[in-house]
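The primary structure of each chain is shown beneath.
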Amino acid sequence: MHQFLNVTLAGFVQGMIFAAFALALVLIWRSTRVVNFAQGAMAAATAFIALALIHSGQSYWVALVVALVAGFVFGAVVERVIIRRVEGGPE
């Protein structure tokens, strides 16, 4: 029973992560008509920042907040520097 709960909860968590990535792709596509496949790389970068902070001795909550802020900043920079330049261009 314990293994069943672990596998079931892990499946739910993984499904929620996939759904969040899919939602992010759809939101960016609908708002800009540009497909941004950098979602995985940006998530990996913010996860690395959080993991580095946790390994350096910071608490989980501090690492979570810093990773969220870093993800916001990365996303804003990508939107302003890359997506805005190609938004009105030819397909």
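Refer to the structure above for everything that follows.
Residues numbered from 1 in each chain as written. Predicted model: local features only at pLDDT ≥ 70, side-chain atom pairs only at ≥ 80, totals over all residues. Heavy atoms only, no water.

Visitor: Quick question: what am I supposed to make of the packing of aromatic side chains here?
Guide: As enumerated under the stated definition, the model contains one aromatic pair in all. Considering the side-chain rings of Tyr-60 and Trp-61, the 5.0 Å spacing of their centres and the 80° angle between planes classify their relative orientation as edge-to-face. Residue Tyr-60 is classed as partly exposed on the basis of its relative accessible area, which comes to 48%. (Phe/Tyr/Trp six-rings, centres within 6.5 Å; stacked < 30°, edge-to-face > 60°. Buried < 20%, exposed > 50% of the residue type's maximum accessible area, 1.4 Å probe, protein only.)

Visitor: Would you mind going over the pattern of salt bridges with me for this structure?
Guide: Opposite charge on two side chains permits them to pair, given that their charged atoms come into close proximity. Counting across every chain of the model gives one salt bridge. Across the pair Glu-79 and Arg-80 runs a salt bridge whose closest N-O atoms are separated by 3.5 Å. Since its relative accessible area comes to 22%, Glu-79 is described here as partly exposed. On the accessibility criterion, Arg-80 (54% relative accessible area) is exposed. (Salt bridge = Lys/Arg side-chain N within 4 Å of Asp/Glu carboxyl O.)

Visitor: I keep staring at a nonpolar patch on the surface and nothing clicks. Help me out?
Guide: A cluster of nonpolar side chains, contributed by Val-65, Val-69, Phe-72, Val-73, Phe-74, Val-77, Val-81 and Ile-82, occupies part of the molecular surface with about 720 Å² of accessible area. Among the residues examined, Val-77 registers a relative accessible area of 45% and is labelled partly exposed. (Patch = residues over 30% accessible without salt bridge, like charges linked within 9 Å, V, L, I, M, F, W, Y side chains within 5 Å. Areas by Shrake-Rupley, 256 points an atom, 1.4 Å probe, with all protein chains shown as cover.)

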